[in-house]
Each structure stands twice: as C-alpha cells, then as structure tokens.
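Commentary on secondary and tertiary structure
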Amino acid sequence: GGAGGVWPPPPPADSETDADAASGASIAGTNGEELRDDWDEDGENDDETTKLLMSIECLQSSMEVLRCATENLERLTPDTMVAVLHHAARHLPADGIGVCTIVGSTELAIVLAQLRRLLPCIRHARAIARLAWTLGKLDVRSADADAAVSHLCSVAPAALPKFTPQDLSNTLWSLARLRPGGHVVNAGRRAGGAASVLQLAHGIVAELSRRMEHLSAQCLSNSLWAAARLQLRGRAVEAFLRLCLHDLGTTRQLRVFTPQGLANTMWAIAELHSSGVCNSPAAVAAATAGGEYDSCTGPRICVAIAVDARGRLHEFQPQELSMLAWSCAKVFGKRAPSERVGGKKRGRGAGGGRPHEVNQFLLALAQEASRRLTEFTPQGLSNIAWTLATLSLLGPQESCAPARRFLREAMVAAAHGNELSSYAPQAVANLLWAAVRLEAPVAEQEEALGVVRAFGVAAAKDATLRMLDFSWRDLAGVSVALAHRSLRLPEALTFLTLLVGHAAACCSELTPQMMLNIAQSAVRVHVRPEKMQAMVDGIAAALACGRLHFNEVDQRQWMEVQEYCVPRLPPHMMHVWG
C-alpha cells in the first residue's frame, strides 16, 4: 500500500529558438534579400516602408517597437506587420514581470487587432514561419492571437515544403508553447481548435522526417521537445522518433548539443518512449527489420546522453539538471530486472538493475546539485530527490553518499523557518516520499534520523495548514510517508486525524487506493477509531452498494483497517455486507 513515486511534470523548457531567430532575423539585415523578394511580390518594397522598418530595427526594447507600431499602424503592410511583431518578440525583457507587462500591454493588443485584419494577406512561407515563432515567443492568450493561430493552421500546411528546417522546428515549438497537449486554451472560442493544431503538428513532423539530415542539433532537440509536449501520437511520430534516435546513435555528435539541447532531448525521448511511442509491436518490428536500429533505442540514447552530460554538469542550469534526473527515472524507474541494456544483463543491488553509467551520472548530478543547492527551485529539488529514491540510490552503500548528502541538505533547507510553505504540494509530497527511503550507514543513522524527523514535522504541519490546497493523490502520498515507522510523530497524528474527517465527506472523489492508503496510514499512527468511524463506514457502504471494488492488494489493506475500526452499517445494508 505504499504511495510510490508521482511523476513530476517536466519543467517548462525555455526554447533556444531565440538564438535561431537572432542569427538571421534582422528586419533589414542579412536576410533582407529574402524579405525584399517577398515584399516585391506584393509591390510593397517602397522607400517609405524600408525607412520605417530601418527605424524600428534601431529600437532595442519591445515596448518601444510596439509604441512605434501603434503610431504608424496604417502604414504597416501584412509582411511589415509580421516583421515588426517579430522584432518586438526578439527584444522581450529577460524577467518574467517585464514579459507580463509587454504581453498585457494596450500597445500589443492594438497591434494584434490590426494583425487580425491583415491575416488574409499573410500567406508567404517566410511570413507564416516568422509569425508562428513570434506568437509562440509572446505566448499571448486572446481572441486576436487565437485568430492568428487559426490562420496559421489553415495556410501553413500548403507552405511546409517551402519552410527551412529551422522554420519547421520553430513552428512546431510555437504550437507546443501555445497548445501544450494539443489543447485549446480558450475552449469556448472556435479559433485555434485542437484538431487543426494537431493536424498541422503532424504535418510538420512528417516534413521534418524528410529533412532529417539537414536538421541542426538545436532543431532536432527543439522538435523532439515540441512533439513530446504536444503529446503527438501515430505512425508519423513513431517514424520521426526512430529517425531521431538513429541519428543520435550513429551520426550526431552529442558534444555539439548545448546543455539545454541535451536536457530537452533526453526529456522528450523519455516522455515519448514511456508513453508508448515506438513501443508497439508494429513499431518495434519496423525499427529492427534492417538491424541497423538495434542499438538506437530510447533507453540506449538516454545512456549516451547521460555519459556526455556527466563530464559537463557544471554547464547545466538547475532546471536542466532537474529535467535530466526526472528523465532517468521515467526511462529506468519501472523496467523489469530481466531486461538487458547494451547486450549486458543488468545487475542488482544499490541502484542496480540499470546501466552503471546511469547510476554514476545521477550520483554526480546529486553532487553538483548539492554544490548549487540554493539555485534550485523547490520543484527542482523535489524532482531530484524523488528520482534518487525511485532508482534506489539512497542506500547505505558508500557509493550512494552523494545522493544521501543531497537529500539531507534538501530537507534541511526545506524545513528551515517557513520555507516549506513556498513549496508546491506535489513537491512536499515527493520530497517526503524520498525522505522515508533514506537508508544511512550505521555511523550516520542518528544524524539522518534527526533530519528526516525534523523534515517530517515540518511537512506534517504544512500539509495540515494547507490541506485544501493538496490534491488527494498528494495527501495520500503524505499519509503513507508519515505512517512510516520513523515518522509516527504527534504532528502526523494531528494531520491524519483531520484528514480522515475531511476524506469521509469526499469519498466519491478518491480512488480506492487513495482511500485505503489514507485509512491504513491512520491505523498505523493510531488515530482513535471513533475519529475514523465515518470514513470506514463510508468505504463499507460503498462496497455494499457495489460502488466500490477492491483487488487482492486492496482487500489486504481493507482487512487491516477493519480489524482496527469495525464498520457500522445501517440495518438495511447488513444483509448485503454479510
């Protein structure tokens, strides 16, 4: 009845597409010839337009660009409108508050409204690709922006053959930013529907597969990341992933990838692989038919990335280290012991059952994370701690010392003062889940137990105060952890006493496993039976009415609960229960 690990969501990737755009996106610079060709087709390349563009290009802030655009709104042709917005997007402030100021500004709203009126005239491949990247970079959620996305989805498919590989990658990245999972952000609006977004995304993936040899390392990593974030499925995606894996395993030099590129690539492979892409019998047969893909599976490429990244962990941002760790858990956390990697049977033991390169990488990552602990977000800390626990790297062996040290330091930092209140509920649950799996050697046991108990007290108090903010899954996870023999504390008793009362009124919202985890945990910390009675009676009534069904494991948990707190059913249900 353990809580088990909760797969944390991947940290959002700030795409490196900025560098792509800046490398050749000058409004009147190195790509001027291509732009002027576009304008000539519409007869728009006049001196006045050129002067306006050159004056805007000299501006170095998004707000200055937008203000200039609003002052010259009627002079902006369709292509120059796209160029101006593109320039504004390239000069967004680096800080989040500054970005929000631009995105929520009246100036941007005015320019987007004018863009909407010009959309029917925006059909050239270059303008479409630029507009796509710009919308993704700005990440605006409004009716005018939705109309622009809808226009892109209608005109881009026919223009894809004219897109450069970078245009294809940037457009897919933009769709992933705007519609993660292919969902419509404003479901009540007709513009930018999920079906058209996914149709365009699949078309881009198919076109990328035909251009694989022309993709830069950055285009490949961004495209994989976008395909995973959009949750694309189907044969086109399977073919694209196989080609990417083959390219990464036989042709591509991983050292040419930036740290962010490696992190995005590993996360995407882990997400696509674990979700079943390329794992169907038909896909496996297609991938291995010629024999050349045998060494290019998702797990093997992840091992190669881990080996490359280990030598330059100091170059990675904290968020990227968290992504790498999470990806390892996603790929190697639930594999059967009998599986083989690289033709060698995997060993058992501390952190065993997977390639030793992965263990070495994660232990080195834990050491680097300890060195830069204060740079991590709470989610990043909990992701790494959860990964180390999931992959059994918190054992008493000497080799696991870096992982144990990281977890102790993360717990101390989280329990300091009121720090834990700034943690997301899932981060609290994951960190606590890892804490009770810390196995220190004899010489460290007293110190480690003290740290775990201090963190357990802080976590129990925080979960009690913020109970309504926690999901039922996180509450069940916290319950199981607090019922661990090292954490049966007064604060845990208070938390579970309140939780069983809360759960009794919400049984219909819980899965059977959540209900039983909470009830069993309450038994183990000795919540008084009368405090549990309402919840136990609710479970029994649901079983008697057929609204709840238990499997064999559930039945064993339920038996333990009943022995501690006997259900009391109304007389009319007793014959059913009996």
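Shown above is the structure to which this text applies.
Our subject in this report is the structure included herewith. Everything numeric in this text was worked out from a predicted model, so none of it was measured.

Looking only at helices and strands, the chain has 28 helices and two strands in total. At a minimum sequence separation of 6, the contacts of the chain that also span at least 24 residues come to 81%. Entry remark: accessible area of the chain is about 24,500 Å², with carbon and sulfur atoms responsible for 53%.

Moving on, we get to helix α25 (residues 512–524). Taking 1.5 Å per residue, 13 residues should reach 18 Å; α25 reaches 18 Å between its end C-alpha atoms and fits that length. In terms of burial, α25 is a largely internal element, ten of the 13 residues being buried. Within α25, burial applies to M514, M515, L516, N517, I518, A519, Q520, S521, A522 and V523. On its buried face, α25 sits against α23 (472–482), α24 (490–504), α26 (529–544) and α27 (552–564). Positive backbone phi, at 70°, marks H526, one or two positions downstream of α25.

The next thing to look at is the packing of aromatic side chains. Scanning the entire structure with this criterion turns up two aromatic pairs. On the numbers, 6.1 Å between centres and 65° between planes, the contact of F550 with W558 is edge-to-face. W558 carries the same exposure label as F550, and that label is buried.

Another point: helix α18 (residues 356–371). For α18, which comprises 16 residues, the first-to-last C-alpha distance of 23 Å matches the rise-based estimate of 22 Å (1.5 Å per residue) to within 8%. Restricting attention to buried positions, one finds in α18 the residues V358, N359, F361, L362, L363, A364, L365, A366, E368, A369 and S370. Buried residues in α18 make contact with α16 (298–310), α17 (318–332), α19 (378–390) and α20 (401–415).

On to the nonpolar core, then. Judged by nonpolar contacts, the single largest core of 193 residues is most densely connected at L224 and F406. In this structure F406 touches A366, A369, S370, L373, L381, I384, A385 and L388, once residues within four positions along its chain are discounted.

According to the stated counting rule, one finds 19 salt bridges in the structure shown. The closest approach of N and O atoms between R67 and E107, which form a salt bridge, is 3.8 Å. Separated by 40 residues along the polypeptide, R67 in helix α4 (residues 62–71) and E107 in helix α7 (residues 106–118) bring together distant segments of the chain. On the basis of relative accessibility, which here comes to 44%, the residue R67 falls in the partly exposed class. Among the salt bridges present, the one from R116 reaches D144, with a minimum N-O distance of 3.1 Å. You can see R116 sitting in helix α7 and its partner D144 sitting in helix α9 (residues 143–159), a full 28 residues away along the chain. You can call R116 partly exposed: its relative accessible area is 39%. Bridged by salt links that share partners, the residues E368, R371, R372 and E375 form one connected network.

With that out of the way, let us pick up the side chain of R211. Here R211 is to be found in the loop between α11 (194–210) and α12 (217–229). For R211, a relative accessible area of 13% corresponds to the buried category. Ignoring sequence-local partners within four residues, the contact set of R211 consists of L160, P161, K162, F163, T164, P165 and L168.

Let's shift gears to unusual backbone geometry. Positive phi, close to 55°, is recorded for D139, a residue that is not glycine. Tracing the sequence through the fold places D139 in the loop between α8 (125–138) and α9. Even without a glycine there, the phi angle at S392 is positive, about 55°. Mapping S392 onto the fold places it in the loop between α19 and α20. Accessibility expressed as a relative area gives 44% for S392, which makes it partly exposed.

This part covers the packing of α23 against α24. Where α23 contacts α24, the two axes come as close as 11 Å, and the packing angle between them is 145°. Note that α23 runs across α24; the crossing there is left-handed. Judged by residue contacts, W472, L475, V478, S479 and L482 of α23 engage A492, F495, L496, L499, H502 and A503 from α24. Of the residues assigned to the contact of α23 with α24, the class counts are nine nonpolar, two polar and no charged.

Going through the model one piece at a time under the given rule, you end up with zero disulfides. The thiol sulfur of C507 is not disulfide-bonded, and the nearest other cysteine sulfur, from C506, lies at 8.0 Å. Given the relative accessible area of 17%, C507 is considered buried.

For the rest of this paragraph, the subject is the environment of V237. Mapped onto the fold, V237 is located in helix α13 (residues 235–250). Relative accessible area serves as the criterion here: at 1%, V237 is assigned to the buried category. A sequence separation of 28 residues divides V237 from S209, and the C-alpha atoms of the two residues are 9.0 Å apart. Setting aside anything within four residues of it in sequence, one finds V237 in contact with H202, V205, L232, L272 and V277.

When two helices pack together, their arrangement is given by the angle between the helix axes and by the axis-to-axis distance. Viewed as axis vectors pointing N to C, helix α21 (residues 425–435) and α23 meet at an angle of 25°, and their least axial separation amounts to 9 Å. In terms of orientation, α21 lies roughly parallel with respect to α23. For the element pair α21 and α23, the recorded crossing hand is left-handed. Contacts between α21 and α23 involve P425, Q426, A429, L432 and W433 on the former and, on the latter, D474, V478, A481 and L482.

Further remarks concern the environment of R90. Following the sequence through the fold, R90 ends up in helix α5 (residues 78–90). Relative accessible area serves as the criterion here: at 28%, R90 is assigned to the partly exposed category. Between the C-alpha atoms of R90 and W133, which are 43 residues apart in sequence, the distance is 9.9 Å.

How each quantity is defined
Residues numbered from 1 in each chain as written. Predicted model: local features only at pLDDT ≥ 70, side-chain atom pairs only at ≥ 80, totals over all residues. Heavy atoms only, no water. Helix = DSSP H or I, 4+ residues; strand = E, 2+ residues; numbered from the N terminus. Contact = heavy atoms within 4.5 Å. Areas by Shrake-Rupley, 256 points an atom, 1.4 Å probe, with all protein chains shown as cover. Expected span 1.5 Å × (residues − 1). Buried < 20%, exposed > 50% of the residue type's maximum accessible area, 1.4 Å probe, protein only. Phe/Tyr/Trp six-rings, centres within 6.5 Å; stacked < 30°, edge-to-face > 60°. Core = buried A, V, L, I, M, F, W, Y, C linked by side-chain atoms within 4.5 Å. Salt bridge = Lys/Arg side-chain N within 4 Å of Asp/Glu carboxyl O. Axes fitted to C-alpha atoms, helices over the stretch in contact; angles between N-to-C directions. Left-handed = near helix turned anticlockwise from the far one by under 90°. Nonpolar A, V, L, I, M, F, W, Y, C, P; charged D, E, K, R; others polar. Disulfide = S-S within 2.5 Å. Parallel < 35°, antiparallel > 145°, perpendicular 65-115°, else oblique.

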